[in-house]
Amino acid sequence: MTFKVYTKTGDKGETGLYGGTRISKASSRVESYGNIDELNAFIGVAKSYVTDSRVLEQLKKIQFDLFTVGSEAATPIDKLFLANGKARLPLVISEKEIEELENWIDAFEEELEPLQYFILPGGGKAATHFHVARTVCRRAERSMVFLNESEEVRPELIKYLNRLSDYLFVLSRYISKIENEPEEYWNPNDRISK
């Protein structure tokens, strides 16, 4: 079976959610899963500059998990289960995925110098792209929090995005280190004067 890329069902500014509900493309729900999609794409760009096999495996898993987050973000909480009680979605984010991110963060941090100052985004092509992905992840998290103010969202989704932004920050530092790219710091005592 093949699917056409265009369906024409969104030509009037609406889209369909899992469960069949039609909503405006300007809604906070569409904004939230749109930001997750954008984040996934930015991670894909950053990943294209990575050669470390351990990092590539982690990023592949993260991109998979972001599709899981996005599919749940596109599903109103009252539609997560079918009338027969069966889950509508085959997968949802759980504490397991959040703990996985924490373990990866801890492993990278063991190889890094402790932070003493804020880091300026940079450190080579891969690291810089991960810094951009981190900021997009923070936006995705904020949009999910905003959605949760009007429609209930499972807390694991917000927690996952929060932890993922931490992971992307630590990953950018790790990538800088293994590529011998120096980190630049924001130290208020080193103010550049003209």
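Residues numbered from 1 in each chain as written. Predicted model: local features only at pLDDT ≥ 70, side-chain atom pairs only at ≥ 80, totals over all residues. Heavy atoms only, no water.

Draft legend 1. Fine view of the overall build of the chain. Helix and strand counts for the chain stand at five helices and four strands. When its helices and strands are written in sequence order, the chain yields β-β-α-α-α-β-α-α-β. Here the chain holds 194 residues, and 41% of them are scored as buried. Contacts in the chain between residues at least 24 apart in sequence constitute 74% of all its contacts with a sequence separation of at least 6. (Helix = DSSP H or I, 4+ residues; strand = E, 2+ residues; numbered from the N terminus. Buried < 20%, exposed > 50% of the residue type's maximum accessible area, 1.4 Å probe, protein only. Contact = heavy atoms within 4.5 Å.)

Draft legend 2. The arrangement of the environment of histidine 131 in detail. The topology assignment puts histidine 131 in helix H4 (residues 125-150). Judged by its relative accessible area of 4%, histidine 131 is buried. Spatially, the C-alpha atoms of histidine 131 and leucine 171 are 8.9 Å apart, while their sequence positions differ by 40 residues. If we skip the residues at most four places from it in the chain, histidine 131 touches Ile119, Leu120, Pro121, Gly122, Phe169 and Ser172.

Draft legend 3. The side chain of serine 143, seen in detail. Looking at where serine 143 falls in the secondary structure, it is placed in helix H4. Residue serine 143 is classed as buried on the basis of its relative accessible area of 9%. Apart from the residues lying within four places of it in its own chain, the contact partners of serine 143 are Glu31, Ser32 and Asn35.

Draft legend 4. Just the packing of helix H1 (residues 28-47) against helix H2 (residues 53-73), in detail. Contact geometry for H1 and H2: axes closest at 9 Å, N-to-C directions at 165 degrees. In terms of axis orientation, H1 runs roughly antiparallel to H2. Crossing handedness for the pair H1 and H2: left-handed. Across the interface between the two elements, Arg29, Ser32, Tyr33, Ile36, Leu39, Asn40, Ile43, Gly44 and Lys47 from H1 touch Leu56, Leu59, Lys60, Ile62, Gln63, Leu66, Phe67, Val69, Gly70, Glu72 and Ala73 from H2. For the contact of H1 with H2, the class distribution of residues is eleven nonpolar, five polar and four charged. (Axes fitted to C-alpha atoms, helices over the stretch in contact; angles between N-to-C directions. Parallel < 35°, antiparallel > 145°, perpendicular 65-115°, else oblique. Left-handed = near helix turned anticlockwise from the far one by under 90°. Nonpolar A, V, L, I, M, F, W, Y, C, P; charged D, E, K, R; others polar.)

Draft legend 5. Main features of the pattern of salt bridges. Counted by the stated rule, this structure contains ten salt bridges. Measuring nitrogen to oxygen at the nearest pair gives 3.2 Å for the salt bridge that ties lysine 159 to glutamate 95. With lysine 159 in helix H5 (residues 155-178) and glutamate 95 in helix H3 (residues 95-109), this residue pair connects regions lying 64 residues apart in the sequence. Since its relative accessible area comes to 31%, lysine 159 is described here as partly exposed. Taking relative accessible area as the criterion, glutamate 95 reaches 33% and is therefore assigned partly exposed. Across the pair glutamate 102 and arginine 163 runs a salt bridge, and its minimum N-O distance is 2.8 Å. Taken together, the residues glutamate 102 in helix H3 and arginine 163 in helix H5 connect sequence positions 61 residues apart. By relative accessible area, arginine 163 is classed as buried at 16%. (Salt bridge = Lys/Arg side-chain N within 4 Å of Asp/Glu carboxyl O.)

Draft legend 6. Summary view of the environment of lysine 60. Here lysine 60 shows up in helix H2. Accessibility expressed as a relative area gives 54% for lysine 60, which makes it exposed. With 17 residues separating them in the primary sequence, lysine 60 and isoleucine 43 have C-alpha atoms 9.5 Å apart.

Draft legend 7. A look at the confidence of the model for the chain. Looking at the chain as a whole, its pLDDT mean stands at 84, while 79% of the residues score no less than 70. Considering each helix and strand of the chain separately, the mean pLDDT is smallest for strand E1 (residues 14-16), with a value of 54, and largest for H3, with 97. (pLDDT = per-residue confidence, 0-100.)

Draft legend 8. Looking closely at H2. Compared with an ideal rise of 1.5 Å per residue, which puts 21 residues at 30 Å, H2 spans 30 Å between its outermost C-alpha atoms and is within 8% of the ideal. Two to three positions downstream of the cap, the backbone nitrogen of arginine 54 sits 3.0 Å from a side-chain oxygen, assigning the N-cap of H2 to aspartate 52. (Expected span 1.5 Å × (residues − 1). Polar contact = N/O pair within 3.5 Å; in protein donor to acceptor, adjacent residues only side chain to side chain.)

Draft legend 9. Representation of unusual backbone geometry. Within the chain, asparagine 180 stands out as a residue other than glycine whose phi angle is a positive 55 degrees. Position of asparagine 180 relative to the elements: it lies in the loop between H5 and strand E4 (185-186).

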